[in-house]
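Residue-level structural notes
As a plain string of letters, each chain reads:
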Amino acid sequence: MADCIFCKIANKEADAKFIFEDETVIAIRDLSPKAPEHILIIPKKHIGSINDFTDSDKDLMAHIMVDVIPKIANDLKIDKSGFRVVINTGEDGGQTVNHLHIHLLGGRSLTWPPG
Ligand code: AMP
Ligand code: ZN
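Rules behind the numbers
- Residues numbered from 1 in each chain as written.
- Chains lettered and ligands numbered in written order.
- Predicted model: local features only at pLDDT ≥ 70, side-chain atom pairs only at ≥ 80, totals over all residues.
- Heavy atoms only, no water.
- Helix = DSSP H or I, 4+ residues; strand = E, 2+ residues; numbered from the N terminus.
- Rg over C-alpha atoms; globule rule 2.2 N^0.38 Å.
- Buried < 20%, exposed > 50% of the residue type's maximum accessible area, 1.4 Å probe, protein only.
- Contact = heavy atoms within 4.5 Å.
- Areas by Shrake-Rupley, 256 points an atom, 1.4 Å probe, with all protein chains shown as cover.
- Lys, Arg positive; Asp, Glu negative; His and termini not counted.
- Charge placed at Lys NZ, Arg CZ, Asp CG, Glu CD.
- Polar contact = N/O pair within 3.5 Å; in protein donor to acceptor, adjacent residues only side chain to side chain.
- Patch = residues over 30% accessible without salt bridge, like charges linked within 9 Å, V, L, I, M, F, W, Y side chains within 5 Å.
- Salt bridge = Lys/Arg side-chain N within 4 Å of Asp/Glu carboxyl O.

1. Overview of the overall build of the protein chain
Counting secondary structure elements, the protein chain contains two helices and five strands. Mapped in sequence order, the helices and strands of the protein chain form the string α-β-β-β-α-β-β. For 115 residues, the compact-globule formula gives about 13 Å, and the C-alpha radius of gyration of the protein chain, at 14 Å, lands near that figure. When its C-alpha atoms are laid out on the principal axes, the protein chain stretches across 35 × 30 × 30 Å. The buried share of the protein chain, reckoned over its 115 residues, is 37%. Summarising the internal contacts of the protein chain: among those between residues at least 6 apart in sequence, 53% fall at separations of at least 24. As displayed, the protein chain has an accessible area near 7100 Å², and 53% of this comes from carbon and sulfur atoms. Once the 13 positive and 17 negative side-chain charges of the protein chain are each reduced to a mean point, those two points are 7 Å apart.

Quick look at the structure:
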């Protein structure tokens, strides 16, 4: 989608170092990290938010949850210590980039509830 920063990054039209890439997903470090490890897992396909999911996204999201997140957590060695997965959605959810992305945060003890 035009003027979408995460589409541009996924299409390699904007600079970013991928820490993970496969056919459907990339992962990059967040520009403004909120934890020692703060990774954004981004579908290459433009999906605005959870509100825009269709049935055709089920395999993609299962792949992210079952394959990609555990692999990255393991690679970063935060699988045993623990981590948090967050999808901010819409205005009240604090979503600022309207291309679905999953935050993976770890490397410190995270408080609850979020603000
Ligand atoms: P959200 O507020 O959930 O929409 O998260 C968007 C996140 O994207 C924020 O944590 C930003 O710091 C991060 N971000 C925005 N632009 C970039 C970029 N070019 N590279 C890496 N992270 C970015
Ligand atoms: Zn996009």
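Back to the write-up after that little detour.
2. Describing the side chain of H99
Mapped onto the elements, H99 comes out in the loop between β4 (83-86) and β5 (102-106). A polar atom in the side chain of H99 sits 2.8 Å from the backbone oxygen of P43. In this structure the side chain of H99 is engaged in a polar contact, spanning 3.3 Å, whose partner is the side chain of H46.

3. Focus on unusual backbone geometry
Following W112, the chain continues to P113 via a peptide bond in cis, the omega torsion being 5°. Among the secondary structure elements, P113 is positioned in the segment after β5.

4. Digging into a nonpolar patch on the surface
Together, M65, V66, F83 and V85 give the surface a local cluster of nonpolar side chains, amounting to about 340 Å² of exposed area. For the nonpolar patch, the secondary-structure elements that each account for two or more residues are α2 (58-75) and β4.

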